Amino acid sequence: QVQLVESGGGLVEAGGSLRLSCAASGRTFSAMGWFRQAPGKEREFVASIIWSGGRINYADSVKGRFTISRDNAKRTVYLQMNSLKPEDTSVYSCAARSTLIRASYDYWGQGTQVTVSS
């Protein structure tokens, strides 16, 4: 059974930091990503990492502030979020791709709330 379990969300003041974790189990994946969705808005891409090789992509809105990384042994992907802004407030979800042939993500976690107060 495939599972993606996020943790690390919470409430933080503007300018603060949080680290999200996503523990993957049940099968191997080609890539992992973080997405977020604020109330009344569409889900948006945040960052992604290729499991083998580590190629990374970021949304322009988080470049220089967020860092995605992975721990192969723990099968866990992290999202270090620094210099947080109120507009970063969202439900953050991790997702996994079974193959690099398709761009779509096949599996999704349940999401974790991040709230940044001004």
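One can find the structure itself at the top, above this paragraph.
Below you will find a few notes about this structure. No experiment lies behind these values; they were computed from the predicted model shown.

1. Quick look at the overall build of the chain
Phase 1: The helix and strand tally for the chain stands at 0 helices and 11 strands.
Phase 2: Counting helices and strands in the order they occur from the N terminus, the chain gives β-β-β-β-β-β-β-β-β-β-β.
Phase 3: Over its C-alpha trace the chain gives a radius of gyration of 13 Å, about what one expects of a compact globule, namely 13 Å for 118 residues.
Phase 4: Among the 118 residues that make up the chain, the fraction classed as buried is 44%.
Phase 5: On the chain, roughly 6300 Å² of surface is accessible, and the fraction owed to carbon and sulfur atoms is 47%.
Phase 6: Charge-centre separation for the chain: the mean point of 14 positive side chains lies 8 Å from the mean point of 9 negative side chains.

2. Topic: the sheet that holds strand S7 (residues 66-71)
Phase 1: With antiparallel pairing, the 4 strands of this open sheet are ordered in space as S1-S3-S8-S7. Strand pairing shows two members of the sheet lacking a second neighbour, strand S1 (3-7) and S7, which therefore form its edges. Averaged over all pairs of adjacent strands, the angle between their axes in this sheet comes to 15°, without regard to strand direction.
Phase 2: Taken together, the 6 bridges between S7 and strand S8 (residues 76-81) define a ladder with antiparallel strand orientation. What sits directly across from Asp-71, in S8, is Thr-76.

3. A short note on the pairing of S1
Phase 1: The two faces of S1 differ: Leu-4 and Glu-6 on one face are buried, but Gln-3, Val-5 and Ser-7 on the other face are not.
Phase 2: Relative to strand S3 (residues 18-25), S1 runs antiparallel, the two sharing 5 bridges. Note on S3: the bridge partner recorded for Ser-7 is Ser-21.

4. Considerations on the packing of aromatic side chains
Phase 1: The tally for this structure, following the rule as stated, stands at 5 aromatic pairs.
Phase 2: Measuring from ring centre to ring centre gives 5.6 Å for Phe-29 and Tyr-107, while their planes differ by 65°; the resulting arrangement is edge-to-face. Within this pair, whereas Phe-29 is found in the loop between S3 and strand S4 (31-37), its partner Tyr-107 is found in strand S10 (residues 107-108), the two being separated by 78 residues in sequence.
Phase 3: A relative accessible area of 9% means that Phe-29 is categorised as buried.
Phase 4: Aromatic side chains Tyr-105 and Trp-108 sit 6.1 Å apart centroid to centroid with 55° between the ring planes, which places their arrangement in the tilted category.
Phase 5: Since its relative accessible area comes to 17%, Tyr-105 is described here as buried.
Phase 6: Judged by relative accessible area, which is 33%, Trp-108 ranks as partly exposed.
Phase 7: Across from the ring centre of Trp-108, 3.9 Å away, lies the NZ or CZ of Arg-43, which sits over that ring.

Calculation notes
Residues numbered from 1 in each chain as written. Predicted model: local features only at pLDDT ≥ 70, side-chain atom pairs only at ≥ 80, totals over all residues. Heavy atoms only, no water. Helix = DSSP H or I, 4+ residues; strand = E, 2+ residues; numbered from the N terminus. Rg over C-alpha atoms; globule rule 2.2 N^0.38 Å. Buried < 20%, exposed > 50% of the residue type's maximum accessible area, 1.4 Å probe, protein only. Areas by Shrake-Rupley, 256 points an atom, 1.4 Å probe, with all protein chains shown as cover. Lys, Arg positive; Asp, Glu negative; His and termini not counted. Charge placed at Lys NZ, Arg CZ, Asp CG, Glu CD. Pairing = 2+ DSSP bridges. Axes fitted to C-alpha atoms, helices over the stretch in contact; angles between N-to-C directions. Phe/Tyr/Trp six-rings, centres within 6.5 Å; stacked < 30°, edge-to-face > 60°. Lys NZ or Arg CZ within 6 Å of the ring centre and 35° of its normal.

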